[in-house]
Amino acid sequence: MARKYFGTDGIRGRANNKITADVALKVGQAAGVAFRRGEHRHRVVIGKDTRLSSYMIEYALVGGFTSVGVDVLLLGPVPTPAVAMLTRSMRCDLGVMISASHNPYEDNGIKLFGPDGYKLSDAVEARIEALMDGDVAPMLARSPDLGRAKRIDDVQARYIEYAKRTLSREVSLEGMRVVVDCANGAAYKVAPEALWELGAEVIKIGVDPNGLNINLEVGSTAPETLARKVREMRADVGIALDGDADRMIIVDEKGHLIDGDQVMAVIAESWRDEGRLAKPGIVATVMSNLGLERHLAGLGLALERTAVGDRYVIERMREKGFNVGGEQSGHIILSDYATTGDGLVAALQVLAVVHKVGKPVSEVCRRFEPVPQVLRNVRFNGGKPLEHPAVTKAIAEATERLGDRGRLVIRPSGTEPVIRVMGEADDQALVDSLVSDVCEAVAGAAA
């Protein structure tokens, strides 16, 4: 069933257009009611990234939650994984992160976490949607039962300590020159501080948020800035986070990009050798490269694929008992430590392997040769272009031409109005041709 508010990662859209103060108020009221359990004073933690619109959404959420009798603990700008972690550690009934992740500042979003720190199921989101469109009056608390709100001051120190403790005490980053790009986002204070406390020489970029520059030519979606800085400073490694720091991309000492697939390969092999893999394999999405699947098979490890979205990766990990999973885009989920993707923690695991092996990042993190993969986005302005006869015909023909020589994945984005077309095979020319044909058909249907 199509949902009115929620997408693949919470509620997301243009701030003050789709994501208005009124919507945020309703989310607070509906989520507050949906998570009532028992007679205790209910509590919610609310974190945010550095977008200008986060102020508006934050206070509207406070109004919604307090109006239905929920106490609010305001965390200020913190990474998404910090919200998930603090929801559990502070024994809250609900956690909220205000962020549109890697999107530009004009967008914003609301991500919800249950008391266990995990993102909500489709069923719970559907219930919240129904409450949002219902009659609000019966939900409201009596005057003496209204919620209170207060700010929590030591949040960043708590998260830094948590991130550091994911490494064993003998791991030191002393002698390592690290460039960290915080995307002018939620981790602009905590990521450089954590790396410095672990002994690294830290060079910071993307740490001057002004409300309008989050993800602007910096961060994991614009790694060219990081690559240039790594080469300029002759650094050992670069780490680029996105706006809410739940994903990251690595750059080696030569300025070459290392994506989430390579990171998962590094961690999976290291954890296998140390006996830390809960199951002989990992979980990734349909977008992960075929080269990763082949590499893992050579190690005797399986690759379980899911739909795109870290929440689906996490659901499969919980269902089948895996403790490593993620996405090519850099969402890495290590369930021994976190209930959601954590860019800083994943980066620290990679740096720990580099420290242990004592070799350059370019050698440690290049575990397999990716199969040629082409990903293109086609923007559309409404409707369902994938159901157009010309598009279904183009997809069928492309699939037949590809046969069993590779993979073709066509899907609508869950966070923006684009159709993503991905193809991969050992034959680069074939992939280029197939993806072009499908994109041309989609663009024609979307016109």
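As shown above, the structure is provided for reference.
The final tally for this structure, using the stated rule, is 36 salt bridges. Residue Lys26 pairs with Asp22 through a salt bridge whose shortest N-O separation is 3.6 Å. Of this pair, Lys26 and Asp22 both sit in helix H1 (residues 21–34), separated by 4 residues, roughly a single helical turn. Under the relative-accessibility criterion, Lys26 is labelled partly exposed at 30%. A salt bridge links Lys111 to Asp244; the shortest N-O distance between them is 2.6 Å. Taken together, the residues Lys111 in strand E6 (residues 107–113) and Asp244 in the loop between strand E10 (237–241) and strand E11 (248–251) connect sequence positions 133 residues apart. Take Lys111 and Asp244: they sit in the same class, and that class is buried. Each of Asp9, Arg12, Lys111, Lys119, Asp244, Asp246 and Asp310 takes part in salt bridges that share partners, so that together they form one network.

Right, let's get into the packing of helix H13 (residues 389–402) against helix H14 (residues 428–446). Direction vectors running N to C along H13 and H14 enclose 170 degrees, while the axes themselves pass 8 Å from each other. By the angle class used here, H13 and H14 are roughly antiparallel. Counting all contacts with H13, which are made through Ala390, Val391, Ala394, Ile395, Ala398, Arg401 and Leu402, the residues of H14 involved are Leu430, Ser433, Leu434, Asp437, Val438, Ala441, Val442 and Ala445. Split by residue class, the contact of H13 with H14 holds 12 nonpolar, 1 polar and 2 charged.

What follows is about the sheet that holds strand E9 (residues 201–205). Hydrogen bonds between backbone atoms are what pair the strands of a sheet, whose relative direction is either parallel or antiparallel. Overall, mixed pairing links the 5 strands, which are arranged E9-E8-E10-E11-E12 in an open sheet. In the strand order of this sheet, the two ends are held by E9 and strand E12 (257–258), each with one partner. Of the strand pairs in this sheet, strand E8 (residues 177–181) and E9 are connected by 5 bridges, and their pairing is parallel. Of the residues in E9, the one forming a bridge with Arg177 is Glu201.

Let us now look at the packing of aromatic side chains. Under the counting rule described, the total for this entry stands at 2 aromatic pairs. With 5.6 Å between their ring centres and 40 degrees between their planes, Tyr159 and Tyr162 make a pair best called tilted. One end of the pair is Tyr159 and the other is Tyr162, both in helix H5 (residues 155–164) and 3 residues apart, which spans about a single turn. The ring of Tyr55 carries Lys48 above its face, with NZ or CZ at 3.9 Å from the centroid. In this structure, Lys279 is placed above the aromatic ring of Phe322, and the distance from its NZ or CZ to the ring centre is 5.8 Å.

Inspection of the entire model under this criterion finds 2 cavities of 30 Å³ or more. Of the voids in this model, the largest cavity is the one considered here, and its volume is about 50 Å³. The wall of the largest cavity is formed by Phe6, Thr8, Asp9, Gly10, Lys111, Leu112, Lys119, Glu125 and Arg311. Its residues assigned to classes, the lining of the largest cavity comprises 2 nonpolar, 2 polar and 5 charged. Put simply, the second largest cavity is a space of about 30 Å³. Every element with two or more residues in the lining of the second largest cavity is listed here: H1 and strand E3 (42–48).

Attention shifts here to helix H9 (residues 290–298). Within the sequence span of H9, burial applies to Leu290, Gly291, Leu292, His295 and Leu296. Those residues of H9 that are buried lie in contact with helix H8 (260–273), strand E13 (281–285), strand E14 (302–306) and strand E19 (418–425). Between a side-chain oxygen at the N-terminus of H9 and the backbone nitrogen of Gly291 the separation is 2.6 Å; the capping residue is Asn289. Once H9 ends, the next one or two residues include Gly300, with phi positive near 80 degrees.

Before going further, it helps to examine the sheet that holds E19. Overall, antiparallel pairing links the 3 strands, which are arranged E17-E19-E18 in an open sheet. Bordering the open sheet on either side are strand E17 (373–379) and strand E18 (406–412), each of which pairs with just one other strand. Along the sheet, successive strands turn relative to each other by an average axial angle of 10 degrees, direction set aside. Bridge analysis of E17 against E19 gives 7 bridges, and the strand direction is antiparallel. Bridged to Val374 within E19 is Gly423. Packed on one face of the sheet, H13 meets E18 and E19 and runs near 160 degrees to E18.

Rules used in this analysis
Residues numbered from 1 in each chain as written. Predicted model: local features only at pLDDT ≥ 70, side-chain atom pairs only at ≥ 80, totals over all residues. Heavy atoms only, no water. Salt bridge = Lys/Arg side-chain N within 4 Å of Asp/Glu carboxyl O. Helix = DSSP H or I, 4+ residues; strand = E, 2+ residues; numbered from the N terminus. Buried < 20%, exposed > 50% of the residue type's maximum accessible area, 1.4 Å probe, protein only. Axes fitted to C-alpha atoms, helices over the stretch in contact; angles between N-to-C directions. Parallel < 35°, antiparallel > 145°, perpendicular 65-115°, else oblique. Contact = heavy atoms within 4.5 Å. Nonpolar A, V, L, I, M, F, W, Y, C, P; charged D, E, K, R; others polar. Pairing = 2+ DSSP bridges. Phe/Tyr/Trp six-rings, centres within 6.5 Å; stacked < 30°, edge-to-face > 60°. Lys NZ or Arg CZ within 6 Å of the ring centre and 35° of its normal. 1 Å grid on protein atoms, 1.4 Å probe; cavity = no way out; pocket = protein on both sides within 12 Å on 5 of 7 lines; lining within 4 Å. Points joined across faces, edges and corners; volume = space filled by probe spheres on them. Polar contact = N/O pair within 3.5 Å; in protein donor to acceptor, adjacent residues only side chain to side chain.

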